[in-house]
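Residue strings, one per chain:
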Amino acid sequence: MSKKPKDGVGPWAKEKLDALGEYLGFYTKVLKNQGWWCKGTIYVDAFAGPGRSKVRTKAKAAPEIGLFDSEPETDAEAVAYLKGSPRVALDIENPFTRYVFIERNPERVAELEALKEEYGDSRRIVVRPGDAATELQAILDSGIDWKHYRAVIFVDPFGMHIPWSTLEALAKTGAIEVFVNFPLGMAIQRFLVRSGDIREN
Ligand SMILES: C[S@@+](CC[C@H](N)C(=O)[O-])C[C@H]1O[C@@H](n2cnc3c(N)ncnc32)[C@H](O)[C@@H]1O
């Protein structure tokens, strides 16, 4: 019998998001006083998610006072919410000039649109529904002058959803930092074979 996927993210997501927030904070702090050549900074979240996630944490439920001495202890899922990567990026001290959120799932796209409304004019946000690789290529083709703009692209897929050629194209600009949350357990290990004969793709 196949298991139903669990709703929400694991507690390790906080470590990822703390690291991202710290990195983005340093990045925009360094670039904010760069003078005439840097006309703007862009944050692209290529697998943006909903903007807020439920965290799965196991917690002991409060013991019930019963008639019997040996009431069994029950585990319950404690509910906590965590800012998703788009909010982490929006809330840094020195914000990016522009934000682009790419997401394929229509429900999450709707949540990102609501997030855009919530921040109003305080941030320049574009939500791009669709496939990350296609949308990243569209951004590269849109004629941004990379001599004068700098960008961070956060690539946080569940699996192997980003072709290597896309990462190469981003690198070629010489102006984009690509921050990859490497899906080692979720994807890479499943493709490794004992023979060591690993397919090119
Ligand atoms: C790991 S979650 C992102 C979590 C988010 N970065 C955060 O930390 O809050 C991956 C997201 O990518 C979306 N997704 C999956 N495949 C995609 C694709 N090919 N293009 C764009 N989004 C995709 C999923 O719907 C999901 O919301």
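(A) Quick peek at the overall build of the protein chain. Each helix and strand counted, the protein chain has 6 helices and 7 strands in total. Along the protein chain, from the amino end to the carboxyl end, the secondary structure elements read α-β-β-β-α-β-α-β-α-β-α-β-α. Residue burial in the protein chain is summarised as follows: out of 201 residues, 24% are buried. For the protein chain, restricting intrachain contacts to residue pairs at least 6 apart in sequence, the fraction spanning at least 24 positions comes to 80%.

(B) Inspection of the site of the ligand at higher detail. Neighbouring residues of the ligand: 18 residues in total, closest F47, G49, G84, R104 and A132. Of the residues belonging to the shell around the ligand, the class tally is 7 nonpolar, 6 polar and 5 charged.

(C) Spotlight on the sheet that holds strand 7 (residues 176–180). What the 5 strands build is an open sheet, ordered 5-4-1-6-7; its pairing is parallel. The open sheet has two edge strands with one neighbour each: strand 5 (125–129) and strand 7. Across the sheet, the mean angle from the axis of one strand to that of its neighbour is 15 degrees, orientation sign disregarded. By the bridge criterion, 4 bridges tie strand 1 (residues 40–45) to strand 4 (residues 98–103) in an arrangement that is parallel.

(D) Structural view of the pairing of strand 6 (residues 149–155). When you tally the buried positions in strand 6, you get 6 out of 7 residues, the bulk of the element. Here strand 1 pairs with strand 6 via 6 bridges, running parallel. By the bridge assignment for strand 6, D45 is matched with F154. Pairing analysis gives 5 bridges linking strand 6 to strand 7, with the strands arranged parallel. Following the sheet pairing, A151 is matched in strand 7 by I176.

(E) Molecular detail of helix 4 (residues 132–140). Three or more residues of helix 4 are buried, namely A132, E135, L136 and I139. For helix 4, the arc enclosing every buried residue in end-on projection is 100 degrees, short of the 170-degree limit, so these residues lie on one face. Within helix 4, the exposed residues directed more than 90 degrees away from the buried face are T134 and A138. The elements touched by buried residues of helix 4 are strand 1, strand 4, strand 5 and helix 5 (164–172).

Calculation notes
- Residues numbered from 1 in each chain as written.
- Predicted model: local features only at pLDDT ≥ 70, side-chain atom pairs only at ≥ 80, totals over all residues.
- Helix = DSSP H or I, 4+ residues; strand = E, 2+ residues; numbered from the N terminus.
- Buried ≥ 20, exposed ≤ 12 C-beta atoms within 10 Å, placed from the backbone.
- Contact = placed C-beta atoms within 7 Å.
- Near = placed C-beta within 6 Å.
- Nonpolar A, V, L, I, M, F, W, Y, C, P; charged D, E, K, R; others polar.
- Pairing = 2+ DSSP bridges.
- Axes fitted to C-alpha atoms, helices over the stretch in contact; angles between N-to-C directions.
- Arc of directions from axis to C-beta.

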